[in-house]
Structure formats: structure tokens, C-alpha cells
Amino acid sequence: MFNSFFRLKENGTNVKTEFLAGLTTFLTMVYIVIVNPIILSSTGVPFDTVFIATIIAAVVGTLWMGLFANYPIAIAPGMGLNAYFAFSVVGGQAGVSYQVAFGAVFIAGLLFIILSLTPFREKLIEAIPTNLKLGITAGIGLFIAFIGLRMTGIIVADEENLVGLGNLHSPEVLLALVGLIITLILMARNVPGALFFGMIVTAVIAIFTGQLEFKEGFMQTPSAPEFFIFGSPLQAIKDMVEYGLYAVVFSFLLVTLFDTTGTMVGVAEQAGLMKGKKMPRARQALLADSIGTTVGAIFGTSPTSAYLESSAGVAAGGRTGLTSVVVSVLFIISAFFGPLVGSLSGLAAITAPTLIIVGSLMIGAVGKIDWSEFDEAFPAFLIILTMPLTASIATGIALGFITYPILKVVKGKWRDVHPLLYLFAVLFFYQLAFLPHA
């Protein structure tokens, strides 16, 4: 059944590989079910409400991706967007209640679905020049590796140089380095499921060294979800007009659009699923995050996005939607294992080595960029450079999209630029110059 529905043989994979890939992706991104409620609860939303809403949004978006698009890409509430929601929309200049803010997310999600049902987003993927797509893949690779280094304390904040080397004698850093070495050995020996087994071995070591404990047990009954936390769709529209939240909705829409599109292109490129400039079944894939965002807002969470950590599952061999279905099932199970999930996701050293190694695999896209043409090379370079430095995929893409048409116009090659790139160059410039950043 799995073979025919997900076309496993056609994609050079099998059920075991897809299961391990799904498990790998889940373990690298499950931190979101703890981190997201922590961030959003600072606005007054009950922790349990966001916890269950995060899982619902992840399950709906990822399951759609797996069953209808057949891609090994996971969807969940996006990091960065949750901070923007909590500190800029609710706690910042907008100064609205979290209920009103969730209404704005709901409206952005509906607009997102409309855009995804039209050929617009598919055309956007086709309009992105090859060198920019490669830059996006490489930039995501650097970003995800930097996240892994930062999460464990191998890289820390530095007053003079912004970042510096952490304390290599601290228990968590040592555990991360040991886990990295073990996983590298498994990778070098071509052990199937090397990334996943590297995490398992690291977790076992953490238990014996006293770094991983399960003080609150393993299971708990999840709380019932709250339906339409912002009142009703009509109330959401009224609140948007009353509070003038047009810029907020636009920011959610624009950042999510390019955050997700960029990640999907990067992961699909890594998995070898792109067909030239086109992404097969793009419309079904692009609907996943827009539906996830809309459903998530109904229950009480910030916008969803395609997850960088999906590349870990791809690196583990995931090539079809079965990987995503496995991730969805594990998210459902995690609703009953809140304490266990909290313990595992609370120790970054377990998953960080996987992120670092995946980053090294994705940076290989740099070798395919045409460095001989400056107008092609520099925008790609800017994307690669700024994604990790700004901690934002969307910002990296924005700067690449702004510089690419400028350089083409200067060189007299303006006809080579797709009209959509001119449009988004203007929109991105406006967003970076005049709107709060997510």
C-alpha cells in the first residue's frame, strides 16, 4: 500500500528509510512544541492552549504535505514569526491583545490559501533564478548549522565580535562534540540512519552522565483545544479594521510566503525533487503551510512555516510524503508525552550534531552557483551571508531579490528578469524599510 501511494520505489526509497527519516526530522524539530508555548505564553495565552494548538497546526500542515504533495517536508509554527507575534504585535507598537493578534494571523492565513490556490506561488518558484535557488539552499545550510552550534553553546554571544567560541569544558558542549564525532563516524561509514542513531547514542550518554532526566515522568493527558480563540472570522476582520492591522497582516503574509517558499525550494533541491526550474505538485505543497497557518490561528498559535529541519530527514534518506506522515503521527503521540518531549527537546546537544552535519551537506549547493558572472553571483552570496547573520530566511531572500534586478538593470539585462522579481524587489524594500521585521 505504501509503495504504490507514495511511489517509494520510483523515488529510490523504502518504508524503513522513510520511517527513520520521519523520526529524524521529528526529533530535530520537536523542540517547537515546548519553545513555541514558552514564547507565546509571555503574551498571556495559557501554555497548555498553545501547546495543543502547536501540535494541531503541525499535524494538519505536515499531513497535508505528506498525503497531497508527497514531499518529505514538515510544517509547524515558525521560529521568528512567534517572536514577532509576541513582542512586536502584542507587546510592541501594535499593542493589541493576543486574541486580536490571532485574528490577524487567521486573515493572513486565508489570504495565503487564496494565493496558494492560484498559479501565483507556482509562478514565483519558477521565476526565482537558478543561482538564487542555489544560494537559498546554501544559506539555509549555513543557518541550520549555526543554529546547531548556537543551541549547544559551542558558539556564544560576544560583546566585541558578536559571536565567539563557547566554553569547550562545559558538560553540554562536551556532549554535543561527542555526539557530533559519533554521528560523523556513522556518516563516514555509510551506516543507514546514521543521523538518527547518532541522536540515540548521544541521548543514552546524556542519561548516564546525568544531563538527561525525566523528573516529571513520561506522559500526561493533553488539554482540550480552544476553538476560534479570537471569537469568529467576522470578529477578526472587524478587529483588523478597528486596530489598523493591515501592516501586521502584510508582514505575516510576506515573511511566511518567502520563508516557506525558500525552505521548500531548498529542501526539494537537496532531495533532488526539483524538475529544472519547476517543483512538481507545487500547489499542493504550498497549500500545506497556508492551511496550517489558518487552522493554527483558530486554536491559538502563530503562523506555520516549512521547517529547515526537514533537511535532516532528507539527509537520512527521506524522499516522499511517507516521511511527513510519520512526522505527523509522532506529533500526535507527542501530545500525550509532554514531559518526555520537554526533556528531550530541552537538551540541545542531542539534536544539534544533526543540524551541523545537515548544514555541511546543504552548503554543497555553492559549487553549482555561476561565480563567473558578478550579477548572478553577488545576490546569491548575499543570501548565503545574511540568512545566518540575520537569523531570518526571509531577510536573506529579500536582500537577494532586491540586488538581483538592480544588477541586471545596470548591466542592461533587465529583460532577463521575471516581472515578479521586480514586484517583490519593491515589496521587500518597503517591508525592510518601513515595517517591523519578523
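Everything here concerns the structure above.
Parameters at a glance
- As a convention, each chain's residues are numbered from 1 in the sequence order in which they are written.
- Local features in a predicted model are, by the rule used here, given only for residues with pLDDT of at least 70; side-chain atom pairs are given and counted only at 80 or more, and totals for whole chains, interfaces and linings are based on all residues.
- Hydrogens are left out, water is left out, and the side-chain values use all remaining heavy atoms of the structure.
- The salt bridge definition used is simple: a Lys or Arg side-chain nitrogen within 4 Å of an Asp or Glu carboxyl oxygen.
- Helix and strand labels come from DSSP, where a helix needs a run of H or I of at least four residues and a strand needs a run of E of at least two; each type is numbered from the N terminus.
- Throughout this description, buried means an accessible area under 20% of the type-specific maximum (1.4 Å probe, protein chains only), exposed means over 50%, and partly exposed covers the range between.
- When we speak of the arc, we mean the arc of directions from the helix axis to the C-beta atoms.
- Any two residues whose heavy atoms approach within 4.5 Å at even a single point are treated as in contact.

Some details on the pattern of salt bridges
Here the structure, examined in full by the defined rule, presents 7 salt bridges. Among the ionic pairs, lysine 411 bridges to aspartate 375, the shortest N-O distance being 3.8 Å. Here lysine 411, found in the loop between α19 (393–410) and α20 (419–434), pairs with aspartate 375, found in helix α18 (residues 374–390); they are 36 residues apart in sequence, far enough to count as distant. By relative accessible area, lysine 411 is classed as partly exposed at 46%. Lysine 408 serves as the salt-bridge partner of glutamate 376, at 2.8 Å between the closest nitrogen and oxygen. One end of the pair, glutamate 376, is in helix α18; the other, lysine 408, is in helix α19, with 32 residues separating them in the sequence.

A closer look at helix α11 (residues 233–243)
Working note: α-helix, 3.6 residues per turn, so residues spaced by three or four point in the same direction. Within α11, the full set of buried residues consists of Ala236, Asp239 and Met240. In a view along the axis of α11, the buried residues occupy a sector of 100°, so they form one face of it. In α11, the exposed positions angled more than 90 degrees off the buried face are occupied by Leu234 and Glu242. In this fold, the buried residues of α11 make contact with α6 (98–117) and α12 (246–271). In the segment just after α11, glycine 244 is the residue with positive phi, at about 60°.

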